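Structural description and commentary
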Amino acid sequence: MNVDRLTQQLAFIREIDKLKYIQRKTRLFNSQRHENDAEHSWHLAMMAMVLAEHASAPVDLFKVMKMLLIHDIVEIDAGDTFLYDTTQNHVNTEAELAAAKRIFGLLPKEQMRDFIATWEEFEAGETDEARFAKALDRLEPIMQNASNQGGTWAEFDVTLDRVLEKVQGIRKGSDTLWAYTEALLRENVENGNLKE
């Protein structure tokens, strides 16, 4: 047994427990409790397993799930930036890359390289797997807000145009999920949960 390797891996496991403390603005379905990043990542991985047949192109499901489980780990250091924040850009790649190097750097070198490459692939959003993973990442908060009478849309006075601007990536990952998203957004405009 390679004790050094195991020690590195366990240090990483201990470090990523901090993901459970990173609070998101969105709330759990039909709830006032805010979701944390670990819950978000788990839910997205489950969504990938259940909804993979709706991806626009065939995807390597393991790769999609791996992206979803690690995509927000960088927020341990970089923090979570609210998608609709008007003062800070949601893409904070410099701080997030430094976080990725530090946190994934706890792992043995080949695992570190693999995790960083997977995280970078998700961030770039150019492969079929990354497009589908990003579609799910944008869909979940829409469903949460719809279940919470507008949730963060209502709380932060977010309009339909702003939502559409931020969630266009769903279309790249799944035509089916995009059609569902458009219908859900229309329904929420009609019922007053989302301003036009």
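Quick note: structure is the one above.
Notes on the structure in this doc start here. (Residues numbered from 1 in each chain as written. Predicted model: local features only at pLDDT ≥ 70, side-chain atom pairs only at ≥ 80, totals over all residues. Heavy atoms only, no water.)

This part takes up the pattern of salt bridges. By the definition in use, this model includes 16 salt bridges. Arg24 is the partner of Glu35 in a salt bridge, and the nearest nitrogen-oxygen pair spans 3.0 Å. Taken as a pair, Glu35 in strand E2 (residues 34–36) and Arg24 in strand E1 (residues 23–27) lie far apart in primary sequence, 11 residues in all. You can call Glu35 buried: its relative accessible area is 1%. On the accessibility criterion, Arg24 (11% relative accessible area) is buried. Between Glu39 and Arg33 there is a salt bridge, with its nearest N and O atoms 2.7 Å apart. Look at Arg33 and you get partly exposed, because its relative accessible area is 42%. Within the structure, one salt-bridge network assembled from shared partners comprises Glu15, Lys18, Asp77 and Arg102. (Salt bridge = Lys/Arg side-chain N within 4 Å of Asp/Glu carboxyl O. Helix = DSSP H or I, 4+ residues; strand = E, 2+ residues; numbered from the N terminus. Buried < 20%, exposed > 50% of the residue type's maximum accessible area, 1.4 Å probe, protein only.)

All right, on to the nonpolar core then. In this structure, Leu68, Tyr84, Leu136, Trp153, Val163 and Ile170 are the most contacted members of the largest nonpolar core, which totals 34 residues. Elements supplying a minimum of two residues to this core: helix H2 (37–51), helix H3 (61–70), helix H7 (128–147), helix H9 (160–167) and helix H11 (175–190). With 8 residues, H7 is the largest single contributor of residues to this core. In this view, Val163 contacts Tyr84, Trp153, Val158, Leu185 and Leu194; residues no more than four positions away in its chain are not counted. Counting 16 residues, the second-largest nonpolar core is a separate cluster that includes Leu19, Val74, Ala100 and Ile116. (Core = buried A, V, L, I, M, F, W, Y, C linked by side-chain atoms within 4.5 Å. Contact = heavy atoms within 4.5 Å.)

Moving on, we come to the environment of Ala133. With respect to the helices, strands and loops of the structure, Ala133 is situated in helix H7. The spatial distance from the C-alpha of Ala133 to the C-alpha of Met47 is 9.5 Å, given a sequence separation of 86 residues. Each residue touching Ala133, except ones within four places of it in the same chain, is listed here: Val64, Met67, Leu68 and Phe122.

Our focus in this paragraph is the side chain of Asp137. Looking at the secondary structure, you find Asp137 in helix H7. At a separation of 2.7 Å, a polar atom in the side chain of Asp137 contacts the side chain of His40. (Polar contact = N/O pair within 3.5 Å; in protein donor to acceptor, adjacent residues only side chain to side chain.)

Turning our eyes to something else, we now look at the packing of H2 against H3. Two numbers describe how H2 lies on H3: the axes approach to 8 Å, and their chain directions differ by 165°. It follows from the interaxial angle that H2 and H3 lie roughly antiparallel. For the element pair H2 and H3, the recorded crossing hand is right-handed. Of H3, the residues touching H2 (which contributes Ser41, Trp42, Leu44, Ala45, Ala48 and Met49) are Leu61, Val64, Met65, Leu68 and Leu69. For the contact of H2 with H3, the class distribution of residues is 10 nonpolar, 1 polar and no charged. (Axes fitted to C-alpha atoms, helices over the stretch in contact; angles between N-to-C directions. Parallel < 35°, antiparallel > 145°, perpendicular 65-115°, else oblique. Left-handed = near helix turned anticlockwise from the far one by under 90°. Nonpolar A, V, L, I, M, F, W, Y, C, P; charged D, E, K, R; others polar.)

Looking now at the packing of aromatic side chains. The description of two aromatic rings rests on the distance between their centres and on the angle between their planes. Counted under the stated rule, the structure contains 5 aromatic pairs. Taking 4.8 Å as the distance between ring centres and 45° as the angle between the ring planes, the aromatic pair formed by Phe82 and Phe156 counts as tilted. Separated by 74 residues along the polypeptide, Phe82 in the loop between helix H4 (75–78) and helix H5 (93–104) and Phe156 in the loop between helix H8 (151–155) and H9 bring together distant segments of the chain. Assessed through its relative accessible area of 10%, Phe82 is described here as buried. With a relative accessible area of 34%, Phe156 lands in the partly exposed category. Relative to Phe115, the ring of Phe104 has its centre 5.7 Å away and its plane inclined at 70°; by these criteria the two rings are edge-to-face. Here Phe115 lies in helix H6 (residues 109–124) and Phe104 lies in helix H5, a separation of 11 residues in the sequence. (Phe/Tyr/Trp six-rings, centres within 6.5 Å; stacked < 30°, edge-to-face > 60°.)

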